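Observations on the three-dimensional arrangement
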Amino acid sequence: MRSLFLALFVLVSGFLVSLESLASAEAIKGFVQVAPQKELYVDYVPAKEKQPTVILINGLTYSTRQWERFVDALLAKGVGVLRYDPIGQGQTLLKYAPIVAPVPVQDQVQDLKTLLEQLKLKGPFNIAGLSYGGGVAAGFTAAYPSLVKNLIMMAPFTRPLEGQDRWIKSQIWATRQIFPYNKMTDDELYDHYLHQIIYATYPQAEPVVLENPFKLEATFRLVQGIRKFRPVDLTHTIPAKTLHLMIARQDQYIETSVLDEYWDAVPAAARASRLYINGSEHKMVEAVPYFTASWVYEIVTGNKLLSSGRDFEGYPFRGEARSGQDQVTVGRE
C-alpha cells in the first residue's frame, strides 16, 4: 500500500511539474532564432486572460532594459508585453558585436515579422515604437498592414534630424569646394560626416552609448540603415483608425512641427489619436512611464475617445488627458 501511495505521489508530482513547466514556457527570456545564424534576445510576458498584448520596438540607443518601469505598469494591468533587442541593440548586439555594416531598416522589419511567427503570436498586433523604433513600426505597417491593429508611434523617426542633416550637407558642399577631385560620392561623404557627428555628439547627449565598447559604432550603423527611410511617404499604407501619435512637448531632438507635418500627411481615415505630453522629453517612456503606459493601455483596450483622430493635451503630473470637454484619466506620475 505504501509503495502504491509513493508511486501515485511521484506520478502526481511529475504531472504538476509538467503543468508548471508548460505555464512558465509561455514566458520567454532568452534568444529566439529568426534566420540561420541569427537570433534576437526576447523578453516576453504573455497577457492575462482577455487582455491584449503590446509589442515594443526600441529607441535608437535602447535595449529591453530601458522599458522597465513602463513595462511594469502594463504588466500590473494584465497586458502582455513583448520586448526584444533587434540587431545592433542590447543583448543581441553583444552576441554579434562588432556591427561593421549598415543595418537596413527593412531587415529589422523582416526580423520582427519572423520573430512573431516563431513565437506563434497571432495578429493583428498592437505595435509601439519609440523614436527609431517608431520608424521601424512604420516600416512594419507599410509591409504588413493587415497585421497591425494599433500603430503607436512615440516621438517617432519620420525623417533625418534637421540640424544634423543640414550640418552634414554643408560639410559635403565645403568638401566639394576645397577638394573638387575627391572621388567619394555624396552618399559616401554623407556617411563619413554622419559617423563624425555621432562619435562627436552622442557620448555627451546619450551617455548610454558608452556602456560597452560596441554600442557607439552600432548606433552609427543603425542610423546609417534608416537615414534614407521616409515614413512620411508611407502614410497611405496605414489602415483605418490605426495611428496613435504621441508627441513630447519638451522633446530635445524632434521639433513638434516635424511630427505635426507627419500627422497632416496621414489620411484622415487612418488617424486615431494625437497626444501632446506636457513636461516630457524625447524618451517619454522613461520620463513619464506610468502616464505613457496608461495611455497605451487606453489605446489597446479600445477607449472610443481614441479612435476618431482627436487631439489630446496630456498632463502626467495631474494624471489626465483632455480633448475639448472630454477627459481621460491616465496614470499619474
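For the structure itself, consult the block above.
Considerations on the overall build of the protein
Looking only at helices and strands, the protein has 11 helices and 11 strands in total. Judged by the C-alpha coordinates and their principal axes, the protein covers about 95 × 55 × 35 Å. A total of 333 residues make up the protein; the buried ones form 50% of that total. Residue pairs at least 24 apart in sequence account for 71% of intrachain contacts in the protein once pairs closer than 6 positions are excluded. Per element, the accessible surface of the protein, about 16,100 Å² overall, is 56% carbon and sulfur. Seen as two clouds, the 34 positive and the 34 negative side-chain charges of the protein have centres 4 Å apart.

Structural notes on the nonpolar core
Side chains that are nonpolar tend, in soluble globular proteins, to be buried together. Core analysis: the biggest nonpolar cluster contains 60 residues, and V42, L115, I127, L194, I198 and L243 have the highest contact counts within it. The residues contacting L194, other than those within four sequence positions of it, are Q164, I168, F220, V223, Q224 and R227. The next biggest cluster of nonpolar side chains, apart from the first, holds 34 residues, and it includes L56, L74, Y297 and A321.

A word on helix α11 (residues 289-300)
In this model α11 runs 16 Å from its N-terminal to its C-terminal C-alpha over 12 residues, within 8% of the 16 Å that 1.5 Å per residue would give. Counting buried positions over the 12 residues of α11 gives 11, a clear majority of the element. Those residues of α11 that fall on the buried side of the exposure criterion are P289, F291, T292, A293, S294, W295, V296, Y297, E298, I299 and V300. Positive phi shows up at G302, right after α11, with a value of about 85°.

What counts, and at which threshold
Residues numbered from 1 in each chain as written. Predicted model: local features only at pLDDT ≥ 70, side-chain atom pairs only at ≥ 80, totals over all residues. Heavy atoms only, no water. Helix = DSSP H or I, 4+ residues; strand = E, 2+ residues; numbered from the N terminus. Buried < 20%, exposed > 50% of the residue type's maximum accessible area, 1.4 Å probe, protein only. Contact = heavy atoms within 4.5 Å. Areas by Shrake-Rupley, 256 points an atom, 1.4 Å probe, with all protein chains shown as cover. Lys, Arg positive; Asp, Glu negative; His and termini not counted. Charge placed at Lys NZ, Arg CZ, Asp CG, Glu CD. Core = buried A, V, L, I, M, F, W, Y, C linked by side-chain atoms within 4.5 Å. Expected span 1.5 Å × (residues − 1).

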